[in-house]
Amino acid sequence: DVKVTQSSRYLVKRTGEKVFLECVQDMDHENMFWYRQDPGLGLRLIYFSYDVKMKEKGDIPEGYSVSREKKERFSLILESASTNQTSMYLCASSSISGDTDTQYFGPGTRLTVL
Amino acid sequence: QKEVEQDPGPLSVPEGAIVSLNCTYSNSAFQYFMWYRQYSRKGPELLMYTYSSGNKEDGRFTAQVDKSSKYISLFIRDSQPSDSATYLCATMKNFGNEKLTFGTGTRLTIIP
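In this report, we go over the structure that sits alongside the text.

The rules we used
- Residues numbered from 1 in each chain as written.
- Chains lettered and ligands numbered in written order.
- Predicted model: local features only at pLDDT ≥ 70, side-chain atom pairs only at ≥ 80, totals over all residues.
- Heavy atoms only, no water.
- Helix = DSSP H or I, 4+ residues; strand = E, 2+ residues; numbered from the N terminus.
- Buried < 20%, exposed > 50% of the residue type's maximum accessible area, 1.4 Å probe, protein only.
- Contact = heavy atoms within 4.5 Å.
- Areas by Shrake-Rupley, 256 points an atom, 1.4 Å probe, with all protein chains shown as cover.
- Pairing = 2+ DSSP bridges.
- Axes fitted to C-alpha atoms, helices over the stretch in contact; angles between N-to-C directions.
- Salt bridge = Lys/Arg side-chain N within 4 Å of Asp/Glu carboxyl O.
- Disulfide = S-S within 2.5 Å.

## A closer look at the overall build of chain B
Okay, step 1: Of regular secondary structure, chain B possesses 0 helices and 11 strands.
Okay, step 2: In chain B, the succession of α and β elements from N to C terminus is β-β-β-β-β-β-β-β-β-β-β.
Okay, step 3: In terms of principal-axis extent, the alpha carbons of chain B reach across some 40 × 30 × 25 Å.
Okay, step 4: Counting across all 112 residues of chain B, residues that qualify as buried make up 45%.
Okay, step 5: Within chain B, contacts between residues separated by at least 24 positions form 55% of all contacts whose residues are at least 6 apart in sequence.
Okay, step 6: Summing over all exposed atoms, chain B offers an accessible surface of approximately 5,300 Å²; the carbon and sulfur share of this is 46%.

## Some remarks on the pairing of strand 11 (residues 109-113) of chain A
Consecutive residues of a regular strand have side chains that alternate between opposite faces of the sheet.
Residue and element names in this part refer to chain A.
Okay, step 1: Alternating positions in strand 11 separate cleanly, T109, L111 and V113 being buried on one face and R110 and T112 remaining unburied on the opposite face.
Okay, step 2: Here strand 2 (residues 10-13) pairs with strand 11 via 4 bridges, running parallel. Residue pairing for strand 11: K13 is matched across the bridge by V113.
Okay, step 3: Relative to strand 11, strand 9 (residues 87-94) runs antiparallel, the two being bridged by 3 bridges. Within strand 11, the position partnered with S87 by the bridge is L111.

## Concerning the sheet that holds strand 3 (residues 19-25) of chain A
The strands making up a sheet associate through backbone hydrogen bonding, with each pair oriented either parallel or antiparallel.
All names here are of chain A.
Okay, step 1: Here we have 4 strands laid out as an open sheet, ordered 1-3-8-7, and antiparallel in their pairing. Of all strands in the sheet, those with a lone pairing partner are strand 1 (4-6) and strand 7 (65-70), marking the two edges. Put simply, the sheet's adjacent strands are angled 20° from each other on average, direction ignored.
Okay, step 2: In the sheet, strand 3 pairs with strand 8 (residues 73-78) via 6 bridges, with the strands oriented antiparallel. Residue V19 lies in a different strand from strand 8, and its bridge partner there is L78.

## Things to note about the pattern of salt bridges
Residue and element names in this part refer to chain B.
Okay, step 1: Scanning all chains against the criterion turns up 10 salt bridges over all chains.
Okay, step 2: Across the salt bridge formed by R77 and E57, the nearest N and O atoms sit 3.4 Å from each other. Of this pair, R77 sits in the loop between strand 8 (71-76) and strand 9 (85-92) while E57 sits in strand 6 (residues 54-58), placing them 20 residues apart in sequence.
Okay, step 3: Since its relative accessible area comes to 30%, R77 is described here as partly exposed.
Okay, step 4: In this structure, R60 engages D83 in a salt bridge whose closest nitrogen and oxygen atoms are separated by 2.8 Å. Remark: D83 occurs in the loop between strand 8 and strand 9 and R60 occurs in the loop between strand 6 and strand 7 (61-66); sequence separation between them is 23 residues.
Okay, step 5: The class for R60 is partly exposed, based on a relative accessible area of 26%.
Okay, step 6: Take D83: its relative accessible area is 1%, and that puts it in the buried class.

## With respect to the state of the cysteines
Okay, step 1: Applying the stated criterion to the full structure yields 2 disulfides over all chains.
Okay, step 2: Residue pairing for C23 of chain A: its cysteine sulfur links by disulfide to C91 of chain A, the two sulfurs lying 1.8 Å apart. Here the disulfide of C23 of chain A and C91 of chain A is left-handed, its torsion about the S-S bond being about -75°. Here the residue C23 of chain A occupies a position in strand 3, and C91 of chain A occupies one in strand 9, the gap between them amounting to 68 residues. Just as C23 of chain A is buried, C91 of chain A falls in that class too.
Okay, step 3: Between the sulfur of C23 of chain B and that of C89 of chain B lies a disulfide, 2.0 Å long from S to S. With the S-S bond torsion at -105°, the cross-link from C23 of chain B to C89 of chain B turns out left-handed. On the criterion of sequence distance, the pair formed by C23 of chain B in strand 3 (residues 19-25) and C89 of chain B in strand 9 is long-range, its members being 66 residues apart. Here the two residues C23 of chain B and C89 of chain B agree in accessibility, since each one is buried.

Okay, structure coming up:
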C-alpha cells in the first residue's frame, strides 16, 4: 500500500520566514510532485522531480524552491513566506513503470502565512 | 483558456440518485484520463482511470471518455452520503515522466 506522508498537517508562519515542507514516500517511486490547492483554482503544479537531485519547474514556481537529496524525500522551500502563499500544499509521487497506477497524494499541509 | 475545464458546483443530489460529473479538455494529445476523489481535509485519491475513448465501470462508478468531443464524464449510480466529496478530473499525455493536468474539482453533496 503506497504511503505518502507530509511533515505537518497544519502550519502557521509569519511573513518573511523561511518555511520547509517535507514529503516522504515509501514505494520507491521515481517521480515526486508538489502542488498547491486553492478554492476556484484547483491543483496547480509548483515543482516536480524525476530523479534524485533533479527538479523541473511546474506552472507556478515563483517564490518556491525544492530539494531532492534522497529518492524517497522531496522538500518544498518557501525562502521568504508571503501571505499569498497561504494555501493547501499537496505532495504526490508516481512510478515511471507505465502501469495503471498514477499519482498518489499525501494528506496535505495547510499553511497559513500571517 | 484552461486546458481542462470543470464545473466547480456545488452539486447537491438526493441519496440514491444518479450523479453525472463532467470535464472538457482542449489538448488532443491527452490520452490518459483519471478521476480523483477528495474528502474534506484529505489528499486526493485515485478513483478511476481510463485510456483513450470508451467506458470503464467499477462498482457504482462509470468513467466515460469521448475523445472526439474532448469530453470526460464520471457517473455514480445509487449515490450514497459517503460519496460526498470533491471530484477532480485529470489528464495526461503519456505515463512515465509526465505531469497531470487537473480540473478545478466539483464539490458533490449527497443528501440523505
